[in-house]
Amino acid sequence: MLLFSLLLQVAALGAAYSLLALGFVLVLNATGAVNFSQGDLVMAGGFVAVVLGNALHVSGLVLLPLLLLFMAALGALIALVAYMPLRGRPPEAVFISTIAVGIILQNGANHLFGAEPVAAPAIMGAGHMRLAGVEVSVQTVAIILVAALLILGLHSVFKYTQFGRRLLATAQDREMAMAVGIPVNAMIVGTFATGAALAGAAGLLLGNVFFVTPTAGSDYVLKAYVAVVIGGWGNLPGAVAGGLLIAAFDVVYPSLPLMLPPLAALPWAEAMFSQTFSAIMLDIVALLILVVRPQGLFGEAISQRP
Amino acid sequence: MRRIYVCLASVLFVSTAHAAVTPDIPVLVPVTGFLANEGTSQRNGAVLALQNPPAGVQPHFSVTDTGTSPEGAVNALERALSNGDVTAVVASMLGTQMLAMLPVALEQKVPLITVSGTADITRKGNPYVFRFFPADSVVKGAQVRFAIDTYHIKKPALLAQTTAYGQSGQAEILKALSAAGLSPIYQDSLDVSVKDMQPVLAKVRAAGADSLLLQMHAGPTALLLKAAAAMNLGLPIVASSGLAQPSTAALLEPAELKGVCAESGSSPTSAETPAMQDFLNRYRQAFKIDPDGFSIGQYDATMMMLNIVAHGATDAAAVTKALSSQTYPGLAMTYHSDGHGNMAHSAVIICFDGTSRTPAVAKHYDFPD
């Protein structure tokens, strides 16, 4: 029972982290630069959901298409303002400009909405339901379903549409895409738009249970970075796996003594299985992966790593 | 002749009335960054007092955002002091910023009035710091005493944040528990980025705790209470002052707050007195939000300083001396220095009844020197 309940939590958190990491990887692959504003785009998506929810009084699921459109427009704007003017410059210039975008988003949100935490609308409503004999929150199940649909949708776009194939080609090898006549600049703008839309969706999914604050973005970008390091620098399935692994460390690792009681008898068990130590363990695992398998669990799609 | 005297008296009265004292009082607070929520409360409390000064005082003030870095605060203080004769400074509630500003205040001999809870700021022997928010030892003492008096706790669990706020409060809770012959049956420290509180609550339950004491920031407190309600934890919870902020309660359904209590310096939304109700009304009108303990603490601090100025202490030295020696009946409590700049010695415990997000004051605790 406990294991099932925890696994559902892992799936919900991991799915949201995966959306965040996917957007991060798309931009990384298309531009060769890390988008450090990706975490703040999650925060922005959360606040957009709050505003739309207050204005329209509908569920998060109904808001989702509007939110995706708004965030895609914001992503395209970021590409035009913060990436395009710097695309011939070293990647460090883009790091700095995306950091600046993050600071602007953070302070803009603080100015517009205040510093107080707020809750985004629920995806399909509050309350609990029974699933396989376990009481789980509707929001948890909704997060898993919506994130899975978005990931499947993204996969379908990449696989079955010309736009998606061009986007994926640009994300996989920008120079080769340019050589075969793909309008790379337009695709890069599309990549930023897709990445921002995914981050915005993560903001909606996380913002009801975990709230939204203007400063929340820095935590999220770190998670995305670690997920990508674990999964493989620039690897799309790796980003999803990395997101799930981070969620497992957040949720399952501290609960191990409850699932395996002999662990509780170990010396220092209380400290070893604390929430703080689980974060340390995740970092150790990420470092070990870098040492033993530098290309990440799923292999690197691109070789540049800042 | 009599008419001349009346005219002279009128001229003197008019000129006296116009010659209002104009103290320079910079407001240096963090209104952006991770402490923006609390810093905005501090700013609002100071501004409300400065906009409604006692008769005969017309303060000059401007608000400067210190961000959350110590150097940001020191730069703001040095800039403010370079403008001339500063009477007093409303100084950041962020402990690390206060610690960096203290040497500047000592050198320039300017009083800093703040609502920072960091214990160290009044342990440096600096005579220019005045804290109008109960120190951790006061509020944590109240938190533990309430849990013992009300719930007769024997096996408390203690969850604290890994931040300086969490750790210093945790140390005071452990000290207060130890003084009562108790120790936590389970304790853990949580990073502010921890999202899922179910694992740690499951461990609290498995440890057989009979109560839960929290020393956590506002957002994580709301997350934890939501998770506790979802898993029917069923333990008495006495939280830290993060829950006393109206914005924290606003994140939760009234049912999720049922029976939960928290310590705080004061609870302005409970409006226990007519004066407090008047403050609540004026604050809501001015800022369109509810005040919290930081707002009212900084309001009282600024009002005490302005009253001192109104009674003739017009420079920094005189204000410092008066702050060190006088007693002031504020809205939240009566303030006086303990000789180290700690002005607030009372705390309240607020509790939620599950029908609304407005708490009631369950108990007052005074901790005389």
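Residues numbered from 1 in each chain as written. Chains lettered and ligands numbered in written order. Predicted model: local features only at pLDDT ≥ 70, side-chain atom pairs only at ≥ 80, totals over all residues. Heavy atoms only, no water.

(A) How the structure looks around the overall build of chain B. What chain B contains, in helices and strands, is twelve helices and 14 strands. Here the C-alpha atoms of chain B give a radius of gyration of 22 Å, agreeing with the 21 Å that 2.2 N^0.38 yields for 369 residues. Overall, the C-alpha framework of chain B stretches about 90 × 40 × 35 Å when taken along its three principal axes. For chain B, the accessible surface area stands at approximately 14500 Å², while carbon and sulfur atoms represent 54% of it. Computing the positive centroid from 24 side-chain charges and the negative centroid from 28, chain B places the two 4 Å apart. (Helix = DSSP H or I, 4+ residues; strand = E, 2+ residues; numbered from the N terminus. Rg over C-alpha atoms; globule rule 2.2 N^0.38 Å. Areas by Shrake-Rupley, 256 points an atom, 1.4 Å probe, with all protein chains shown as cover. Lys, Arg positive; Asp, Glu negative; His and termini not counted. Charge placed at Lys NZ, Arg CZ, Asp CG, Glu CD.)

(B) Region of interest: the pattern of salt bridges. All names here are of chain B. In the structure shown here, the tally under the stated rule is nine salt bridges over all chains. Among the salt bridges present, the one from D120 reaches R123, with a minimum N-O distance of 3.8 Å. The exposure class assigned to R123 is exposed, which follows from its relative accessible area of 55%. A salt bridge links R282 to D278; the nearest nitrogen and oxygen atoms lie 3.2 Å apart. You can see R282 and its partner D278 sitting in helix α10 (residues 274-287), four residues apart, about one turn around the helix. For D278, a relative accessible area of 39% translates into the label partly exposed. One salt-bridge network, held together by shared partners, links D120, R123, E172 and K175. (Salt bridge = Lys/Arg side-chain N within 4 Å of Asp/Glu carboxyl O. Buried < 20%, exposed > 50% of the residue type's maximum accessible area, 1.4 Å probe, protein only.)

(C) Region of the structure containing the interface of chain A and chain B. With 30 residues of chain A in contact, the opposing surface of chain B contributes 31 residues. Interface area, chain A with chain B, both sides summed: about 2500 Å², of which 61% is carbon and sulfur. Remark: the boundary between chain A and chain B carries zero salt bridges. The interface formed by chain A and chain B includes five residue pairs in polar contact (both at pLDDT 80 or more). Those elements giving two or more residues to the side of chain A that touches chain B turn out to be α1 (2-31), α4 (91-113), α9 (217-231), α10 (236-251) and α13 (275-292) of chain A. (Contact = heavy atoms within 4.5 Å. Buried area = accessible area lost by both parts, 1.4 Å probe. Polar contact = N/O pair within 3.5 Å; in protein donor to acceptor, adjacent residues only side chain to side chain.)

(D) Structural detail: the sheet that holds strand β14 (residues 360-366) of chain B. All names here are of chain B. Within the open sheet, the seven strands sit side by side as β7-β6-β8-β9-β10-β13-β14. Their pairing is mixed. Single-partner strands in this sheet number two, and they are β7 (186-190) and β14. Sheet twist, expressed as the average angle between the axes of neighbouring strands with direction ignored, equals 20°. Most of the contacts of helix α5 (residues 136-151) go to strand β13 (residues 346-351), to which it runs at about 50°, and overall it touches β8 (211-215), β9 (237-239), β10 (261-264), β13 and β14. (Pairing = 2+ DSSP bridges. Axes fitted to C-alpha atoms, helices over the stretch in contact; angles between N-to-C directions.)

(E) Local environment of the packing of α5(B) against helix α6 (residues 164-179) of chain B. Residues and elements named next belong to chain B. The interhelical angle for the contact between α5 and α6, taken along N-to-C directions, is 50°, at an axis separation of 9 Å. Taken together, α5 and α6 sit at an angle that is classed as oblique. For the pair α5 and α6, the sense of crossing is right-handed. Of the residues in α6, those touching α5 at D136, S137, K140, G141, Q143 and V144 are S168, G169, E172, I173, A176 and L177. (Parallel < 35°, antiparallel > 145°, perpendicular 65-115°, else oblique. Left-handed = near helix turned anticlockwise from the far one by under 90°.)

(F) Focus on the sheet that holds strand β1 (residues 27-29) of chain B. All names here are of chain B. An order of β2-β1-β3-β4-β5 is seen for the five strands of this open sheet, with the pairing classed as parallel. Only two strands of the sheet have a single neighbouring strand rather than two, namely β2 (63-65) and β5 (129-131). With direction set aside, neighbouring strand axes in the sheet form an average angle of 25°. Examined bridge by bridge, β1 and strand β3 (residues 89-91) share two bridges and lie parallel to one another. Pairing of V27 across the sheet is with V90, part of β3. Against the sheet, helix α11 (residues 293-310) makes contact with β3 and β4 (112-114), and its axis sits at roughly 150° relative to β4, the strand it touches most.

(G) Here's a closer look at the pairing of β10(B). Residues and elements named next belong to chain B. Side-chain alternation along β10 places C261 and E263 on one buried face and A262 and S264 on a second face that is also buried. Sheet topology note: the β9/β10 ladder contains two bridges and is parallel. Paired with A239 across the bridge in β10 is A262.

(H) The arrangement of the state of the cysteines in detail. Residues and elements named next belong to chain B. Tallied over the entire structure, the rule returns one disulfide over all chains. Two residues share a disulfide in this structure: C261 and C351, whose sulfurs sit 2.1 Å from each other. Negative torsions about the S-S bond denote left-handed disulfides, and the value of about 105° found for C261 with C351 makes this one right-handed. One end of the pair, C261, is in strand β10; the other, C351, is in strand β13, with 90 residues separating them in the sequence. Each member of the pair C261 and C351 is classed as buried. (Disulfide = S-S within 2.5 Å.)

That is the geometry; function is a separate question.
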